[in-house]
Amino acid sequence: MTWLQNNAAWVVELAWRHLLLALPAIAASVVLAVALGRVAHRRPRLRQPVLALASVVYAVPALPLLIVVPLVLSIPLRSPLTLVVALTLYGTALLVGTATDAFDSVDGQVRDAATATGHGRSALFWRVDLPLSVPVLISGVRVITVSTVSLVTIGALVGISSLGTLLTDGFQRGITSEVAIGVGVTMALALALDALVVVLGRVLTPWQPRRRSVRAPAPPELVR
Amino acid sequence: MSTFLDALAWILDPSSWGGSQGIAVRVAQHLAITVAAVLLAAVPAVPLGVLIGHTRRGRGVVVALAGAVRAVPTLGLLTLLALLLGVGVWAPLLALVALAVPSLLAGAYAGVESADPEAVDAARAMGMSERQIVRHVELPLGAGVLVGGFRAATLQVVATATLAAYTSDTGLGRYLFSGLKSRDYTLMLGGAILVALLALVLDRLLAVAQGRATGLARRTAADSRLGA
């Protein structure tokens, strides 16, 4: 604990950087996965290829991705953009399946009723399909939020600083408490963001019953 | 682009494959630690998952546990264990086992739960014991999902086994870390391509296994319908 007292400012600084890497990747993953999930839901012919591509991208290990991405985009290895792009690829791949299920879960009769009451294509998407897909979508967003925050640490291996720096620095200098604090703060950050996503989900779906929790779907890793 | 070609040339060069530091040995190490971690994790995880799926109790605990494990940065678990246990193969192996448990548990309980409740009730009405129901009804019907759990666990472990080389001289990750240290892009990229290929091949193989197991489930369901 004395280690933490002496290095609190550094830990806060790293946590802030960690957040700045994780949040854009999570946001971009949600946008991309919703778009692709929509395509997979609307066009049965594209469904299999989209989901298969997602499962291939997800199968590529993270550290190699961090090395391949800068070469493909010709950006420096240590650029934060490298990590954001790699994490976005991952997050999207992991979320696409859930996003497709989310659109599938929207009741067809509700859509017909919306069409009958004069909703155009874009109104149907923004005011019916997207809001009604939120309950299923949120379960997937929770998973990618937690896994993205925890994966940001890998960046430290190629020199992109985040809370992961505490893990590599602590290991190299043999300071167990530094590594333990790195693990603890990363987990706390992940769980705090997860709680935030849950609250966001409740705010976006005021019609859902509060108390009774929706039956948790199978983990998205299994639905591929 | 030329880096890619150099990396491919390195992979295709037969002299890269031989010797105690060669690709062949490294691939074997990588596979060995992956298989060992998944099997060791399956020993407690699969029976526990089957029990949870059969009794429908303790699901909430498992979901919470899986969430918590997902939040643990694997690199942190790995470095922490390496500081506690030393630089041998045990630290990465233990970290990988911990990583594999949630997917295996989830696959097992979700698989057993996916069995048609009417089929389970019918089996019970025919006088099958709970053990027989698990073995002859729930496990065959849930085989596809169970194998899916193995697939998810293997994929996570084979990817993360790359990090094992950070604390111990094991597996394909070594090429990445040596390359990073000496700024040798060819070696780094060659290692990256090999790990990615290994992961993709394993994933495809397990996808085929999952397809077969799902087919088994369908045939079992069809048989029970014919018998009824």
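Residues numbered from 1 in each chain as written. Chains lettered and ligands numbered in written order. Predicted model: local features only at pLDDT ≥ 70, side-chain atom pairs only at ≥ 80, totals over all residues. Heavy atoms only, no water.

Draft legend 1. Layout of the overall build of chain A. Helix and strand counts for chain A come out as 8 helices and 0 strands. N-terminal to C-terminal, the α/β element order of chain A is α-α-α-α-α-α-α-α. When burial is assessed residue by residue, chain A has 49% of its 224 residues classed as buried. Expressed as a percentage of contacts within chain A between residues at least 6 apart in sequence, the contacts between residues at least 24 apart total 75%. Summed over all atoms, the accessible surface of chain A reaches about 10700 Å², with 65% contributed by carbon and sulfur. Of the side-chain charges in chain A, 18 are positive and 10 negative, and the distance between the mean point of each set is 6 Å. (Helix = DSSP H or I, 4+ residues; strand = E, 2+ residues; numbered from the N terminus. Buried < 20%, exposed > 50% of the residue type's maximum accessible area, 1.4 Å probe, protein only. Contact = heavy atoms within 4.5 Å. Areas by Shrake-Rupley, 256 points an atom, 1.4 Å probe, with all protein chains shown as cover. Lys, Arg positive; Asp, Glu negative; His and termini not counted. Charge placed at Lys NZ, Arg CZ, Asp CG, Glu CD.)

Draft legend 2. Looking closely at the interface of chain A and chain B. Counting residues at the interface gives 43 residues for chain A and 46 residues for chain B. Summing both partners gives a buried area of about 3800 Å² for chain A against chain B, and 75% of it is carried by carbon and sulfur. In this assembly, chain A and chain B are joined by 0 salt bridges. Here chain A and chain B share 3 residue pairs in polar contact (both at pLDDT 80 or more) between them. Counting residues per element, the ones that place at least two in the side of chain A that touches chain B are α2 (44-59), α3 (62-73), α6 (121-151), α7 (164-173) and α8 (176-204) of chain A. Broken down by class, the residue content of the side of chain A that touches chain B amounts to 29 nonpolar, 10 polar and 4 charged. (Buried area = accessible area lost by both parts, 1.4 Å probe. Salt bridge = Lys/Arg side-chain N within 4 Å of Asp/Glu carboxyl O. Polar contact = N/O pair within 3.5 Å; in protein donor to acceptor, adjacent residues only side chain to side chain. Nonpolar A, V, L, I, M, F, W, Y, C, P; charged D, E, K, R; others polar.)

Draft legend 3. Expanded view of the packing of aromatic side chains. Residues and elements named next belong to chain A. For the structure shown, the criterion picks out 6 aromatic pairs over all chains. For the ring pair Y58 and Y90, a centre distance of 5.9 Å and an interplane angle of 85° mean the geometry is edge-to-face. Placement of the pair is Y58 in helix α2 and Y90 in helix α4 (residues 80-104), with a sequence separation of 32 residues. An identical accessibility class is assigned to Y58 and Y90; each is buried. Each residue in the set F103, F125 and W126 is aromatic and connected to the rest through ring pairs, giving one cluster. Above the plane of the ring of F103 lies R38, whose end atom (NZ or CZ) is 5.8 Å from the centre. (Phe/Tyr/Trp six-rings, centres within 6.5 Å; stacked < 30°, edge-to-face > 60°. Lys NZ or Arg CZ within 6 Å of the ring centre and 35° of its normal.)

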